[in-house]
Amino acid sequence: MKIIMLGAPGAGKGTQAKKIAEKYSIPHISTGDIFRANIKNGTELGKKAKTYMDQGLLVPDELVVDLVIDRFAQDDCANGYVLDGFPRTIPQAEALDAALAKINEKIDYAINVEVPDENIIKRMSGRRACVSCGATYHLEHIPPKKEGICDTCGAELILRDDDKPETVQKRLNVYHEQTQPLIDYYTSKNVLKEVDGTVDMAEVFAAIVKVLGE
Ligand code: ADP
Ligand code: ADP
Ligand code: ZN
């Protein structure tokens, strides 16, 4: 099963993608996580990506597409994957389709997690991310057991630089301009499924499972 998660920054794509990956035994591929790991490790890619990410801008398509398509060659992708944060532009979606068409494959579902902008701004200021394993929490909705500490690995939780309110507004603008057109794109391919992302995370997941099947 090949799944794409669509939705604004903070809509809950990552939260749901992790649960999908677990239930359907497919890898969760997050381009944001890949870039953050590269930044942490001080790679050339990380240095380039950081200049865009810090400004709330998208990393250029040519730095993203091959990275993701190469990832599909790993053994764990044999039964599909859930893509979180990719594609984010029409050219990325076209490159993905072209790469899949070459091997006679296609995306099965593009799940749009729908959350209005007003809710997003509030959500992002409460998001806390683990510096080590990438787990995500929310101060009110999904708090860690111990304040400031990751439940899974015990590392420190931080507010991402790009989750500060000034940058969030900019990321939302970028989302509406560059990523939202993918909703029409995948509608025209007959794979788009909408779920309400404003309800609690278990309800969102139940709606997704209804779409994907048990
Ligand atoms: P969120 O989950 O809040 O939407 P991500 O972790 O997916 O954020 O992405 C963080 C940042 O990484 C983005 O704002 C963007 O700069 C960069 N990024 C991630 N994926 C892509 C992509 N597919 N194309 C371009 N830039 C990307
Ligand atoms: P995205 O990957 O789309 O940027 P995340 O999955 O990181 O979004 O979620 C953004 C923030 O909102 C996180 O702090 C997360 O814990 C929280 N969150 C996710 N889903 C919900 C939900 N259904 N209700 C309330 N908060 C949520
Ligand atoms: Zn952790």
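Anything mentioned here points back to the structure above.
A brief structural summary.

On to unusual backbone geometry. The amide bond that connects phenylalanine 86 to the next residue, proline 87, takes the cis arrangement and shows omega of -5 degrees. If you trace the backbone, proline 87 turns up in the loop between strand E3 (81-84) and helix H5 (90-102). The phi dihedral of serine 25 falls on the positive side, at around 50 degrees, and the residue is not glycine. Take serine 25: it is sitting in the loop between helix H1 (13-24) and strand E2 (28-30). Using a relative accessible area of 59% as the deciding quantity, one classes serine 25 as exposed. Even without being glycine, asparagine 190 reaches a positive phi, approximately 65 degrees. Along the polypeptide, asparagine 190 turns up in the loop between helix H8 (181-188) and strand E8 (192-196). Accessibility expressed as a relative area gives 68% for asparagine 190, which makes it exposed.

Once that is clear, we can look at the sheet that holds strand E6 (residues 136-138). Spatially, E6-E5-E7 is the arrangement adopted by the 3 strands of the open sheet, whose pairing is antiparallel. Every interior strand has two partners, whereas the edge strands, E6 and strand E7 (157-158), have only one. Alignment of strand E5 (residues 127-130) against E7, held across 2 bridges, turns out to be antiparallel. Opposite cysteine 130, over in E7, you have leucine 157 as the bridge partner.

Here the zinc ion (ligand 3) is held by the protein donor atoms Cys130 (SG), Cys133 (SG), Cys150 (SG) and Cys153 (SG), which lie 2.3 to 2.4 Å from it. Between the 4 donor atoms coordinating the zinc ion (ligand 3), the angles at the centre fall across 99 to 115 degrees, so the site counts as tetrahedral. Sequence spacing among the residues donating to the zinc ion (ligand 3) works out to C-x2-C-x16-C-x2-C. Given a relative accessible area of 7%, cysteine 130 falls into the buried group.

Attention now goes to the packing of helix H2 (residues 31-40) against helix H3 (residues 44-53). Packing of H2 against H3 leaves a shortest axis separation of 8 Å and a crossing angle of 115 degrees. Note that H2 runs across H3; the crossing there is left-handed. Contacts between H2 and H3 involve Gly32, Phe35, Arg36, Asn38 and Ile39 from the first element and Leu45, Gly46, Ala49, Lys50 and Met53 from the second. A breakdown of the residues in the contact of H2 with H3 according to their chemical character gives 5 nonpolar, 3 polar and 2 charged.

Here the focus is the pattern of salt bridges. One pass over the full model with this rule turns up 13 salt bridges. The partner of glutamate 105 in a salt bridge is lysine 2, and the shortest N-O contact between them spans 3.2 Å. Here glutamate 105, found in the loop between H5 and strand E4 (109-114), pairs with lysine 2, found in strand E1 (residues 2-6); they are 103 residues apart in sequence, far enough to count as distant. The buried category is assigned to lysine 2, whose relative accessible area is 13%. Aspartate 163 is the salt-bridge partner of arginine 127, the closest N and O atoms lying 2.7 Å from each other. Of this pair, arginine 127 sits in strand E5 while aspartate 163 sits in the loop between E7 and helix H7 (165-179), placing them 36 residues apart in sequence.

This next bit is on H3. For H3, every residue scored as buried is listed here: Leu45, Gly46, Ala49 and Met53. The buried residues of H3 occupy an angular sector of 90 degrees when the element is viewed end-on, so they sit on one face. Pointing more than 90 degrees away from the buried face of H3 are the exposed residues Glu44 and Lys47. Its buried side turned inward, H3 meets H2 and helix H4 (61-71).

Okay, the site of ligand 1 next. Not every one of the 20 residues close to ligand 1 is listed here, only the nearest: Thr31, Leu57, Gly85, Arg127 and Arg171. Backbone polar atom of glycine 85 to a nitrogen atom of ligand 1: 2.8 Å apart, as the coordinates give it. Measuring from an oxygen atom of ligand 1, one finds a side-chain N or O atom of arginine 171 at 2.5 Å. Within the complex, 97% of the 560 Å² of free accessible area of ligand 1 lies under protein.

Here is what the cut-offs are and how they apply
- Residues numbered from 1 in each chain as written.
- Chains lettered and ligands numbered in written order.
- Predicted model: local features only at pLDDT ≥ 70, side-chain atom pairs only at ≥ 80, totals over all residues.
- Heavy atoms only, no water.
- Helix = DSSP H or I, 4+ residues; strand = E, 2+ residues; numbered from the N terminus.
- Buried < 20%, exposed > 50% of the residue type's maximum accessible area, 1.4 Å probe, protein only.
- Pairing = 2+ DSSP bridges.
- Donors = N, O, S within 2.8 Å, 3.2 Å for Na, K, Ca; no water.
- Tetrahedral: all angles 85-135°; square planar, octahedral: opposite > 155°, others 65-115°.
- Axes fitted to C-alpha atoms, helices over the stretch in contact; angles between N-to-C directions.
- Left-handed = near helix turned anticlockwise from the far one by under 90°.
- Contact = heavy atoms within 4.5 Å.
- Nonpolar A, V, L, I, M, F, W, Y, C, P; charged D, E, K, R; others polar.
- Salt bridge = Lys/Arg side-chain N within 4 Å of Asp/Glu carboxyl O.
- Arc of directions from axis to C-beta.
- Near = heavy atom within 4 Å.
- Polar contact = N/O pair within 3.5 Å; in protein donor to acceptor, adjacent residues only side chain to side chain.
- Areas by Shrake-Rupley, 256 points an atom, 1.4 Å probe, with all protein chains shown as cover.

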